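The residues making up each chain are set out below.
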Amino acid sequence: MNQKWKKRLLLTAITAFVLSLIPICVLSFYSNPANDDFYYSLKTHQAIQESGSFPAAVRAAAEQVKESYFNWQGTFSAIFLFALQPAVFGREYYALSTFLILGAWIASSLFLMRVLLCSYCHASRRKFWAISLTFLFLSIQFLPSPAQGFFWWNGSVYYVFFCSLAQVLLGLLLWYLQGQRRLQNVVCMTASLPLAVLVSGGNYVTALLTLLILAGLTICTWIRQRKKAVPVTFTLCVFLAGFLVSMCAPGNAERVLSYPDSPSAPAAVLQALYYGASFLCDWPDVPMICILLLMCPFFYRISAHAPLKFRHPLLVLAGSFCLFAAQFAPPCYAMGAYGEGRILNVIYFGYLWFLFLNTFYLCGALRVRFGARIESFCSQIRPPVRIVCF
């Protein structure tokens, strides 16, 4: 296939993805503030009505953070954003919620994918867009609760937006570890620290998963890149400090009284493992499996340039499953269940990363072990089939 047709296919795929977003954008103009939107933004709305200034709204949002921290929950950065929901500046601005959340999710996913595929695996632009657009299409169009994921400010900013920030944080750290230029390293670490504070003060599902990944990344850095280990360790410490500030909030102790039947920590871990295995069996369906199989040739080719030896697919599968299941631990410990649709949204994002990363690693392991046979088979099949497969 010549370069002209490859370029046309790429433009067609991007156009199709953009067109798939149009119904979501149109529906955003019919969304309205609901439930917690009113409670958390009451002070900021009153401040804007009285003074009409943005600084007054920021001060009111800070006051809301203080009140909630001592009375209900400790997620300080999330509450600050709750209080600044778009409708406090005018009812007509609430539709911006969808555009802000959707834009943040798309941009952060593309950034992290670019770091992983292009910076580390040296993937071509065509392969990068093929995998990234597939991931984004599955994450947006198959979302468990679109209403709470893109059309409700409180539910979407608390989970989808903070998941987006976590992706940017991890992408910056990975880019820092891969970078050789001083300016790149300075920019990555300078941006990582405030992001660590923000994400640590967000929802506990994303915060816990990010903390575990940061801990693993820090250990790997001390083993393989000691010269860059200190800044990564400092970022982990900043994140851990923010996470502890959020967890130790007096308001959390008040809120837990609303769930007298919540399990102990060990029971919550076991429950999280059960839910992890259960949803890994429930979420896959025929369209998703077919789409994932179509990605295998891309993963296979990209794995040839990855900085991995692909020796331990079962170990990677087990470790990634534990990370996926860990997302269920916070709601299980707090409520004794996996929670509502907005919680499942970010867990679903983790599920997609679980599928993509494990499929990639499995394709790499097959290439290492059976590469010669696979290449021989592909050279013998007819050209039209090769075009479809590869």
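Draft legend 1. Fine view of the overall build of the chain. Helix and strand content of the chain: 19 helices and zero strands. By the compact-globule yardstick of 21 Å for 390 residues, the chain fits well, its C-alpha radius of gyration being 22 Å. Its C-alpha atoms give the chain principal-axis dimensions of about 75 × 45 × 45 Å. Taken across its 390 residues, the chain has 49% of its residues classed as buried. Considering only contacts within the chain whose residues lie at least 6 apart along the sequence, 81% involve residues at least 24 apart. Counting only carbon and sulfur atoms, one obtains 69% of the accessible surface of the chain, whose full area is about 19,700 Å². One way to put it: in the chain the 28 positive side-chain charges average out to a point 29 Å from where the 12 negative ones average out.

Draft legend 2. Inspection of a nonpolar patch on the surface at higher detail. The grouping of L19, I22, V26, L27, F29, Y30, F54, F89, Y93, L96, F99 and L100 at the surface amounts to a nonpolar patch, some 1,200 Å² of accessible area in total. Those elements that provide at least two residues to the nonpolar patch are α1 (3-27) and α6 (96-120). Considering every element that reaches the nonpolar patch, the biggest residue donor is α1, with four residues. Take L27: it is sitting in helix α1. The exposure class assigned to L27 is partly exposed, which follows from its relative accessible area of 48%.

Draft legend 3. Unusual backbone geometry, seen in detail. Phi is positive for H122, which is not a glycine, with a value near 55 degrees. Turning to its location among the elements, H122 is positioned in the loop between α6 and α7 (125-141). One non-glycine residue with positive phi stands out, namely F310, at about 55 degrees. Looking at the element boundaries, F310 is found in the loop between α15 (286-303) and α16 (313-326).

Draft legend 4. A look at the nonpolar core. Among the nonpolar cores identified, the biggest contains 102 residues, and I131, I140, F324, F328, Y348, Y351 and F356 are the most heavily contacted of them. Dropping the residues within four chain positions of it, F328 is found in contact with A272, Y275, G276, F279, Y338, L344 and I347.

Draft legend 5. Quick look at the side chain of S192. You can see S192 is positioned in helix α10 (residues 182-200). Reaching out from S192, the side chain makes a polar contact with the backbone oxygen of C188 at a distance of 2.6 Å. In this structure S192 touches L169, L172, L173 and T235, once residues within four positions along its chain are discounted.

Draft legend 6. Examining the pattern of salt bridges more closely. Summed over the entire model, instances satisfying the criterion amount to two salt bridges. For the salt bridge of K43 with E67, the shortest nitrogen-to-oxygen distance reads 3.2 Å. In this pair, K43 sits in helix α3 (residues 42-51) while E67 sits in helix α4 (residues 54-71), placing the two residues 24 residues apart along the sequence. Of the charged contacts in the structure, one is a salt bridge between E340 and R342, with a shortest N-O distance of 2.9 Å.

Draft legend 7. Fine view of the side chain of N345. By the secondary structure assignment, N345 is in helix α18 (residues 341-380). Setting aside anything within four residues of it in sequence, one finds N345 in contact with L143, P144, S145, Q148 and G149.

Conventions we followed
Residues numbered from 1 in each chain as written. Predicted model: local features only at pLDDT ≥ 70, side-chain atom pairs only at ≥ 80, totals over all residues. Heavy atoms only, no water. Helix = DSSP H or I, 4+ residues; strand = E, 2+ residues; numbered from the N terminus. Rg over C-alpha atoms; globule rule 2.2 N^0.38 Å. Buried < 20%, exposed > 50% of the residue type's maximum accessible area, 1.4 Å probe, protein only. Contact = heavy atoms within 4.5 Å. Areas by Shrake-Rupley, 256 points an atom, 1.4 Å probe, with all protein chains shown as cover. Lys, Arg positive; Asp, Glu negative; His and termini not counted. Charge placed at Lys NZ, Arg CZ, Asp CG, Glu CD. Patch = residues over 30% accessible without salt bridge, like charges linked within 9 Å, V, L, I, M, F, W, Y side chains within 5 Å. Salt bridge = Lys/Arg side-chain N within 4 Å of Asp/Glu carboxyl O. Core = buried A, V, L, I, M, F, W, Y, C linked by side-chain atoms within 4.5 Å. Polar contact = N/O pair within 3.5 Å; in protein donor to acceptor, adjacent residues only side chain to side chain.

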